[in-house]
Amino acid sequence: MTIHSLDPVQALERMMLIRAYEETLIDLHGRGRAAGTCTSVGQEAPAVGVVSALTADDLILTNHRSAGHLLARGADPGRMLAEVMGKRDGYCGGKSGSLHISAKELGVVLTSTIVGGELALATGVGLSRTMLNEPGIVACFFGDGAATEGRFQESLNLAAVWKLPILYVCENNQWQAFVRRKETMMADGIAGQAAALGVESAVVDGNDPLAVFDAAGAAIDSIRRTGKPFLLEAKTYRLRGHFEPDDQGYVDKAELAHWRDRDPILCLSARLEREGRLTADGIAAIEARVRATMEAATAFADASPYPGLDALTTDVYA
């Protein structure tokens with residue numbers, strides 16, 4: 001069974017850590033110390049809500065906006081920064097950059113930058129779990145852009161026919177690179193497509209980590225009970241551009257302002273203050289703790305050496 005409660009204060013701190021990590025990476029890139037990357041600023045709630053509902057036996061496949069999923073799973077921000085900076089102490093020895101990080105010890109099978117690539121691969125991982133009778137489900141994160149790829153239908157169809165234990169998580173952030181979602185699909189969302197393929201689905205407010213956690217928990221319980229796949233669509237918004245740097249000149253300013261008012265971190269902070277769970281000083285203390293974590297992470301990454309020449313031929317397969 002899944003865990004059926006998520007401490008909202010803990011959820012807030014996890015989202016703040018994800019935001020601080022990506023803001024640190026943006027700053028490092030701006031100073032020429034790290035490559036550009038695709039951030040998930042504004043999308044922290046689905047990462048925290050879904051991953052918190054998983055167990056240690058569950059596996060994760062994710063996409064190019066993967067930092068939140070990794071950090072929510074417990075990844076060390078220092079090792080993640082080291083990886084992005086091409087350092088030896090990174091999760092993949094400095095060979096993956098920010099867009100291909102995997103961490104076997106955390107159950108993060110891979111990060112795919114091919115749009116929808118993780119959808120096809122999740123089917124194979126789910127089939128492997130079933131054939132080997134292994135515990136745990138497979139959580140596959142993808143965006144609304146990937147849902148316009150043919151492999152989306154192919155993956156869900158096979159998962160339904162073969163009864164694979166896969167939780168498909170569509171982080172519908174309204175943008176597909178530089179193209180507005182409504183320019184590429186007639187439907188208002190993604191979940192409706194699942195029914196035609198025999199896959200149960202649900203839609204949740206993707207800016208509320210507690211609502212996401214509850215919806216993910218219900219979906220995961222369904223998968224464990226029936227062995228069948230489930231699609232969860234989390235409606236959220238990407239507050240920064242597709243790839244750093246990006247001035248978002250193509251985004252309607254009123255739309256962006258609307259979603260900034262729905263920033264999941266600001267909304268949960270305000271909610272916890274209203275409910276008396278946190279004071280302004282308490283929120284400031286969390287922010288200070290997160291900043292200290294990122295300062296230590298940056299120092300760790302800076303101190304990590306670059307891989308030696310002997311690493312050129314390791315992890316190479318032909």
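Keep in mind the model is a prediction, meaning the values are calculated, not measured.

Trainee: It is not clear to me how the overall build of the protein should be interpreted in this structure. Could you clarify?
Mentor: A tally of helices and strands in the protein yields eleven helices and eight strands. In terms of overall dimensions, the protein is globule-like: its C-alpha atoms have a radius of gyration of 19 Å, near the 20 Å expected for 318 residues. Counting only C-alpha atoms, the protein reaches 55 × 50 × 40 Å along its principal axes. The burial tally for the protein puts 55% of its 318 residues in the buried class. For the protein, restricting intrachain contacts to residue pairs at least 6 apart in sequence, the fraction spanning at least 24 positions comes to 74%. A total of about 13,900 Å² of accessible surface is found on the protein, and carbon and sulfur atoms cover 55% of it. Distance between charge centroids for the protein: 2 Å, based on 31 positive and 41 negative side chains.

Trainee: Can you help me understand the sheet that holds strand S4 (residues 166–172) in this one?
Mentor: The strands that make up a sheet are held in pairs by hydrogen bonds between backbone atoms, and each pair lies either parallel or antiparallel. Strand order in the open sheet formed by six strands is S2-S1-S3-S4-S8-S7, and the pairing between neighbours is parallel. Of all strands in the sheet, those bounded by a partner on one side alone are strand S2 (108–111) and strand S7 (200–205). Sheet twist, expressed as the average angle between the axes of neighbouring strands with direction ignored, equals 15 degrees. Where strand S1 (residues 59–62) meets strand S3 (residues 138–143), three bridges bridge the pair, whose relative direction is parallel. What sits directly across from Ile 60, in S3, is Ala 139. Across the sheet, helix H5 (residues 117–131) lies against S1, S2, S3 and S4, angled at about 175 degrees from S3, the strand it touches most.

Trainee: I keep staring at helix H4 (residues 77–84) and nothing clicks. Help me out?
Mentor: Note: α-helices contain 3.6 residues per turn, so residues at a spacing of three or four share the same orientation. Within H4, seven of the eight residues are buried, which leaves the element mostly enclosed by the surrounding structure. For H4, the full list of buried residues reads Pro 77, Gly 78, Met 80, Leu 81, Ala 82, Glu 83 and Val 84. Packed against the buried residues of H4 are helix H1 (8–30), helix H3 (67–72) and helix H11 (280–303). Taking the backbone nitrogen of Gly 78 as reference, a side-chain oxygen 2.7 Å away marks Asp 76 as the first, capping residue of H4. Gly 86 sits one or two positions beyond H4 and adopts a positive phi of about 75 degrees.

Trainee: Would you take a moment to explain the side chain of Glu 255 for this structure?
Mentor: Looking at the element boundaries, Glu 255 is found in helix H9 (residues 253–260). For Glu 255, a relative accessible area of 18% puts it in the buried group. Side chain to side chain, Glu 255 and Tyr 237 meet in a polar contact 2.5 Å long.

Trainee: Which parts of the structure should I look at to understand the packing of aromatic side chains?
Mentor: Remark: the centre distance and the inter-plane angle together describe each pair of aromatic rings, the angle taken between the planes. With the rule as written, the count across this model stands at two aromatic pairs. Taken together, a centroid distance of 5.6 Å and an interplanar angle of 50 degrees make the contact between Phe 142 and Phe 152 tilted. Of this pair, Phe 142 sits in strand S3 while Phe 152 sits in helix H6 (residues 150–162); the two residues are ten residues apart in sequence, bridging distant segments of the chain. Taken as a pair, Phe 142 and Phe 152 share a single burial class, namely buried. Ring centres 5.0 Å apart and planes at 10 degrees place the aromatic pair Tyr 237 and Trp 259 in the stacked group. One end of the pair, Tyr 237, is in the loop between strand S8 (230–235) and H9; the other, Trp 259, is in helix H9, with 22 residues separating them in the sequence. Judged by its relative accessible area of 1%, Tyr 237 falls in the buried class. One residue, Arg 79, lies across the ring of Tyr 91, its end atom 4.0 Å from the ring centre. A cation over a ring is seen here: Lys 87 above Tyr 306, with NZ or CZ 4.9 Å from the ring centre.

Trainee: Just checking my understanding: could you explain a nonpolar patch on the surface for this structure?
Mentor: On the surface, Leu 158, Val 161 and Trp 162 cluster together into a nonpolar patch covering about 280 Å² of accessible area. By the secondary structure assignment, Leu 158 is in helix H6.

Trainee: Please clarify how unusual backbone geometry should be interpreted in this entry.
Mentor: For residues that are not glycine, phi is negative in most cases, and the peptide bond is trans in most cases. Positive phi outside glycine occurs at Lys 163, with the angle close to 55 degrees. Following the sequence through the fold, Lys 163 ends up in the loop between H6 and S4.

Conventions and cut-offs
In every chain, residue numbers begin from 1 and rise along the written sequence. Only residues with pLDDT of at least 70 are given local features in this predicted model, and only at 80 or more are side-chain atom pairs given and counted; all residues enter the totals for whole chains, interfaces and linings. Heavy atoms from the whole structure form the basis of all side-chain values; hydrogens and water molecules are not counted. Counting from the N terminus, the helices are DSSP H or I runs at least four residues long and the strands are E runs at least two residues long. Note that the radius of gyration is over C-alpha atoms, with the globule rule given as 2.2 Å times the number of residues to the power 0.38. Relative accessible area decides the class of each residue, using a 1.4 Å probe on protein chains only: under 20% of the type maximum gives buried, over 50% gives exposed, and in between gives partly exposed. We call two residues in contact whenever any of their non-hydrogen atoms come within 4.5 Å of each other. Surface accessibility follows the Shrake-Rupley procedure with a 1.4 Å probe radius. Residue values consider only the protein chains on display as shielding. By the counting scheme adopted, Arg and Lys are positive, Glu and Asp are negative, and His together with the chain ends is not counted. Every charge is mapped to an atom, namely NZ of Lys, CZ of Arg, CG of Asp or CD of Glu. We call two strands paired when DSSP finds no fewer than two bridges between them. Simply put, an axis is a line fit to the C-alpha atoms, just over the touching stretch for a helix, and the angle between two N-to-C directions goes from 0 to 180 degrees. Any N or O atom pair separated by 3.5 Å or less is treated as a polar contact, with the protein-specific requirement of one donor-capable and one acceptor-capable atom, and with residues adjacent in sequence counted only for side-chain atom pairs. Note on aromatic pairs: the rings of Phe, Tyr and Trp (six-membered ring only in Trp) are paired at centre separations within 6.5 Å, and the planes decide the class, stacked below 30 degrees, edge-to-face beyond 60, tilted for the rest. In this scheme, the term charge over a ring applies when either NZ of a lysine or CZ of an arginine sits within 6 Å of the ring centre and within 35 degrees of the ring normal. Patches in this entry comprise residues that are over 30% relatively accessible and not in a salt bridge; like charges within 9 Å are linked, as are nonpolar side chains (Val, Leu, Ile, Met, Phe, Trp, Tyr) within 5 Å. Basic side-chain nitrogens of Lys or Arg form a salt bridge, by our definition, when they fall within 4 Å of a carboxyl oxygen of Asp or Glu.

Coordinates in, geometry out; function isn't part of it.
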